[in-house]
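Structural description and commentary
Below are the chains, spelled out letter by letter.
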Amino acid sequence: MLQWQQWNRKLKAVLWALTLIGVLAALPLGALRWQMEATSKQVEYVMDYKDIVVISSYQNDPAAYLDQQLDRMKAAGVTTMSVFESTLDELVIAKHINIYNRGQLALLEGKAPVPGRNETYVLFAGKEEEEKLGPLIENAFKRKEITVELWTYDGRPGLKLNTPIENATLVSMNPDPMALEKINAAGFRILPRLSDRIRPYNQEAASELVTELKQYNVDRILFDGDAVKGFNDNADMNSLLGFAELLKKNNIGIAAIEGLKSPQLGFNTLAYLTDYNVVRLHSIADRLAATISPETLTDRFLLAAKDRNIRMFYLNAAASRSFDKGGISDPLEKLADTLSGPDGTIQKLTDFGFPSGNAEAFSFDTPGWAKAAKALVCLGAISIIALLIGAFASWFTIPAFLLGLIGSAGLYVLSAATLEQGLALGAAISAPTLALIWAMNVVRRRTEGNRRAVSGGDWNQTSSNAANNGAGRSGEAPSWGSLLGDIFAIGRIKWIFGGLTASQRFGNAIVLFVVTTLISLLGVPFVFGLLNNIKYSLVLQQFRGVSLLHIAPIGLVALYVLLYTGTSVLANLRRLLSIQITVFWVGVVAVLGIVGLYYLSRTGNAGHASSLEMLMRNTLETTFGVRPRSKEFLLAHPLLLLGLFLALRYRAAWVLIIVGSIGQLSIVDTFAHIHTPMHISLIRDLLGLGLGAIIGCVLIAVWQIGEGVWHRWLRTRIFPSAE
């Protein structure tokens, strides 16, 4: 058994060496991602053309109003107009056609309606509309096997569709060619919004559409609906591959909409088939566009471009009825004013390094050595995970490492992505946990050594006596109160026998804080080294299990404090299991549970901040350009520094170290947001550490002043004879 323990101790040195090798191997992989993130900086502003057409339809002169708004948006800095697939209803709104059912046609002709078949009659506005829209409508309805016949009324051309008007208005057609011409003539780029509603998929028809779009210099497509074009027929026709070949042949990319409840079906496959020629897009809803302030819109766009690699912004607008104004409210003027001018959104983003222009996909390269480097990173991740397991069960270090190697090899065959995410998560949890365990062990060695030197006795025995005194009479089960009494009794022993001076403790605390942070930072290269695939940067694949990263280090550090900092694990476990539980402590647990749930609710992108916190965030963003995490510099880092300072004198301060683990895990978690550029994550961590250290030093100073006042009050009021 002794020899086995010696082997485990020797293996730990090897595992630390492998961990450092993994860290070094991850650095060039991180450099590749750093370079990739600098290849695309231009931001494209897209306006929904259909929204402008709908708002125009409420005006006295729709055509003149439409031309006026296109000029206004062009002057404001909007570069692109999005165009949806057409329907008969949309062509009616655009004033290109009128549609009637049999009853409406009879009234138009001045005749009594005659019961008969349900048919739809399309009447073109003029000869140009017939020439450009007639083939579009005929092809769409013939594809649905609906008979189309020529029809005229009062000398004007039209079509008769042998289907009820309720069905006819739901048939999707290719984008309106008249709209494409108008947008192009106005000097805008075109972003088509295609769906998978035009079925069955036809490669020839898709090729004709892509060729037509390419004539207008279209280089990117945004999908409409819950699936990309070709998805529903892919199983029978391999249509996704066919459509991807058309896009690649014409150098057309796709856009990914941020924040969808579920990804568009087939998008990831199409992204892969087009070599990830993908740009992320952020959309502003029409209701928000009508009420949002210029400052809020600017902050929102800037954060999206800077922190989330967004390169396309999609603007919506909608007319609304206003009784106060006595008419239809026009949101386009406010939107244009918000975007334009020297203080407008577009200019401010340009000043921050995101000029307006054609959004381009990130350019990335995967050299041949990257695979070998990632293998070393995997080995390092397995090693640091084994070290964490060994910190709690040293005898299991060797088996943990061997099982990690075998399991990783098997998982690589089944799912390489799952292996990468699992090892990244394990390393991200292990690094901050090991860092805090190391810090606590250093504190124990220094404080226990001081206590032995001063008291001349054995520390374990002193601790045992203090515990027995706190537990009450022999045979009684210890209570939570006695356990806390034990902790504070240990603190009083140190208080009586002296030890390190305040300046020594402060210096030690600073060194411990710095080294602990450096050990925690070892987890960062494993995250960006293992998750360096472009899919994570584009959020086509997400890092699962991050919620576990938010709680596991806290729980493991607390477990180590409770079970591994006394005489033995079994003795500590026996004491914990025999503790008397009172209503008070049930309430404490309930409060801790509520705090924990609130903490989890604030993690990720779903948390909501108060108005005061938003003000603070905006101030930090304006001051530093990057907003550090408030839970780091306001709470976790200061309390960890204070806890390390106090733990060198009071064992009860280890509670602060447990809370401080939030900051250490957050250092690694910041880099788990793969869509955030690496330099932003690095600056965010450094700012959090710097500000947190400053606030921690202030807390230490306040504590020292308060402690001095407290001791002086004790001597003069409670023990006057001591004067």
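Our structure's up above, just so we're on the same page.
Summary of the structure given here.

Check the secondary structure of the chain and you find 31 helices and 14 strands. A total of about 34,200 Å² of accessible surface is found on the chain, and carbon and sulfur atoms cover 60% of it.

Attention now goes to the layout of surface pockets. Considering only enclosed or pocket space, the second largest pocket measures out at about 900 Å³ in volume. Elements with a minimum of two residues in the lining of the second largest pocket: α1 (2-37), α17 (369-392), α18 (397-414), α19 (416-455) and α24 (534-537).

L644 and I657 are the most contacted members of the largest nonpolar core, which has 78 residues in total. Ranked by residue count, the leading element in this core is α19, at 16 residues. The contact partners of L644, leaving out residues within four places of it in the chain, are A439, A509, L512, F513 and I657. One finds V53, L247, A256 and I534 within the second-largest nonpolar core, a separate group that totals 68 residues.

The next subject is the pattern of salt bridges. Within the structure shown, the criterion is met by 21 salt bridges. The residue K182 makes a salt bridge to D67 at a minimum N-O spacing of 2.7 Å. Remark: D67 occurs in helix α3 (residues 62-76) and K182 occurs in helix α8 (residues 177-185); sequence separation between them is 115 residues. Overall, the relative accessible area of 31% leaves K182 in the partly exposed class.

Let's shift gears to the environment of Q203. Turning to its location among the elements, Q203 is positioned in helix α9 (residues 203-214). A sequence separation of 27 residues divides Q203 from G230, and the C-alpha atoms of the two residues are 9.3 Å apart. Look past the residues within four positions of Q203 in its chain and what remains in contact with it is G242, F243 and L246. Polar contacts involving the side chain of Q203 include one to the main-chain carbonyl oxygen of G242, which spans 3.0 Å.

This next bit is on the packing of helix α2 (residues 49-56) against α3. Following both chains from N to C, one finds α2 and α3 inclined at 140°, their axes separated by 9 Å at the closest point. For the element pair α2 / α3, the angle class is oblique. Along this stretch, α2 crosses α3, giving a crossing that reads as right-handed. Of the residues in α3, those touching α2 at Y49, I52, V53, I55 and S56 are P62, Y65, L66, Q69, L70 and M73. Of the residues in the contact of α2 with α3, the class split is 9 nonpolar, 2 polar and no charged.

Turning next to empty space enclosed by the protein. The rolling of a water-molecule-sized probe over the atoms marks out the regions of remaining empty space. Summed over all chains, the structure comprises 5 cavities of 30 Å³ or more. Quantified by volume, the second largest cavity comes out at close to 90 Å³. Lining the second largest cavity we find R143, N174, I198, P200, Y201, N202, A205, A206, L209 and K229. Counting residues per element, the lining of the second largest cavity draws most heavily on α9, which supplies 3 residues. Taken together, the residues of the lining of the second largest cavity break down into 6 nonpolar, 2 polar and 2 charged.

Attention now moves to the pairing of strand β6 (residues 156-161). Judged by how many residues are buried, β6 sits mostly within the fold: 5 of 6 residues are covered. The pairing of strand β4 (residues 120-124) with β6 spans 4 bridges and is classified as antiparallel. Paired with T120 across the two strands is L161, which belongs to β6. Summarising the sheet, strand β5 (residues 148-153) and β6 pair through 6 bridges and their orientation is antiparallel.

Moving on, we come to the sheet that holds β6. With antiparallel pairing, 4 strands are arranged side by side in an open sheet as β3-β4-β6-β5. Sheet topology places β3 (97-101) and β5 at the edges, where each strand pairs with a single neighbour. Across the sheet, the mean angle from the axis of one strand to that of its neighbour is 25°, orientation sign disregarded.

All right, on to the side chain of T516 then. With respect to the helices and strands, T516 occurs in helix α22 (residues 502-520). For T516, the contacting residues outside a window of four places in its chain are A435, L436, W438, A439 and Q664.

Further remarks concern the pairing of β4. Of all 5 residues in β4, 5 are buried, a share of seventy percent or more. Where β3 lies against β4, 5 bridges are found, and the strand directions are antiparallel. When the sheet's bridge partners are listed, I99 is paired in β4 with V122.

Moving on, we get to the packing of aromatic side chains. For the structure on display, the rule yields 15 aromatic pairs. Aromatic side chains F223 and F243 sit 6.4 Å apart centroid to centroid with 65° between the ring planes, which places their arrangement in the edge-to-face category. One end of the pair, F223, is in strand β9 (residues 220-223); the other, F243, is in helix α11 (residues 239-249), with 20 residues separating them in the sequence. For the pair shown, F223 and F243 are each scored as buried. Consider the rings of F528 and F671, whose centres lie 6.5 Å apart with planes at 55°: the pair is tilted. Of this pair, F528 sits in helix α23 (residues 523-530) while F671 sits in helix α30 (residues 654-671); the two residues are 143 residues apart in sequence, bridging distant segments of the chain. The pair F528 / F671 is uniform in exposure class, with both members buried. An aromatic cluster is present here, built from Y45, F301 and F313 joined pairwise through their rings. The ring of F188 carries the charged tip of K74 above its face, separated from the ring centre by 5.3 Å. Above the plane of the ring of F645 lies R505, whose end atom (NZ or CZ) is 4.4 Å from the centre.

For the rest of this paragraph, the subject is the packing of α17 against helix α25 (residues 546-563). Each packed pair of helices is defined by two parameters, the angle between the axes and the distance between the axes. Running from N to C, α17 and α25 cross one another at 30°; their axes reach a closest spacing of 11 Å. Taken together, the axes of α17 and α25 lie roughly parallel to each other. Each of L388, A391 and F392 in α17 lies in contact with α25, whose residues at this interface are L556, L559 and Y560. A class-by-class count of the residues in the contact of α17 with α25 yields 6 nonpolar, no polar and no charged.

Before going further, it helps to examine unusual backbone geometry. With an omega of -5°, the peptide bond between R199 and P200 qualifies as cis. With a phi angle near 65°, K95 is a residue other than glycine that sits in the positive phi range. For K95, the position within the fold is in the loop between α4 (88-93) and β3. Taking relative accessible area as the criterion, K95 reaches 49% and is therefore assigned partly exposed. Of note, N238 is a non-glycine position whose phi angle comes to about 55°, a positive value. Here N238 shows up in the loop between α10 (234-237) and α11.

Attention now moves to α11. Where α11 is concerned, the buried positions are S239, L240, G242, F243, A244, L246 and L247. Check the buried side of α11 and you find it contacts β8 (189-194), α9, β9, α10, β10 (253-257) and α12 (267-273). Trailing α11 by a residue or two, N251 shows a phi angle of about 55°, which is positive.

Among the structural elements, V279 can be located in strand β11 (residues 278-284). For the pair V279 and E360, spaced 81 residues apart in sequence, the C-alpha separation works out to 6.7 Å. Sequence-distant contacts of V279, defined by excluding residues within four places in its chain, comprise R220, I254, A255, A256, R311, M312, A359, E360 and A361.

Calculation rules
- Residues numbered from 1 in each chain as written.
- Predicted model: local features only at pLDDT ≥ 70, side-chain atom pairs only at ≥ 80, totals over all residues.
- Heavy atoms only, no water.
- Helix = DSSP H or I, 4+ residues; strand = E, 2+ residues; numbered from the N terminus.
- Areas by Shrake-Rupley, 256 points an atom, 1.4 Å probe, with all protein chains shown as cover.
- 1 Å grid on protein atoms, 1.4 Å probe; cavity = no way out; pocket = protein on both sides within 12 Å on 5 of 7 lines; lining within 4 Å.
- Points joined across faces, edges and corners; volume = space filled by probe spheres on them.
- Core = buried A, V, L, I, M, F, W, Y, C linked by side-chain atoms within 4.5 Å.
- Buried < 20%, exposed > 50% of the residue type's maximum accessible area, 1.4 Å probe, protein only.
- Contact = heavy atoms within 4.5 Å.
- Salt bridge = Lys/Arg side-chain N within 4 Å of Asp/Glu carboxyl O.
- Polar contact = N/O pair within 3.5 Å; in protein donor to acceptor, adjacent residues only side chain to side chain.
- Axes fitted to C-alpha atoms, helices over the stretch in contact; angles between N-to-C directions.
- Parallel < 35°, antiparallel > 145°, perpendicular 65-115°, else oblique.
- Left-handed = near helix turned anticlockwise from the far one by under 90°.
- Nonpolar A, V, L, I, M, F, W, Y, C, P; charged D, E, K, R; others polar.
- Pairing = 2+ DSSP bridges.
- Phe/Tyr/Trp six-rings, centres within 6.5 Å; stacked < 30°, edge-to-face > 60°.
- Lys NZ or Arg CZ within 6 Å of the ring centre and 35° of its normal.

These figures come from the coordinates and say nothing about function on their own.
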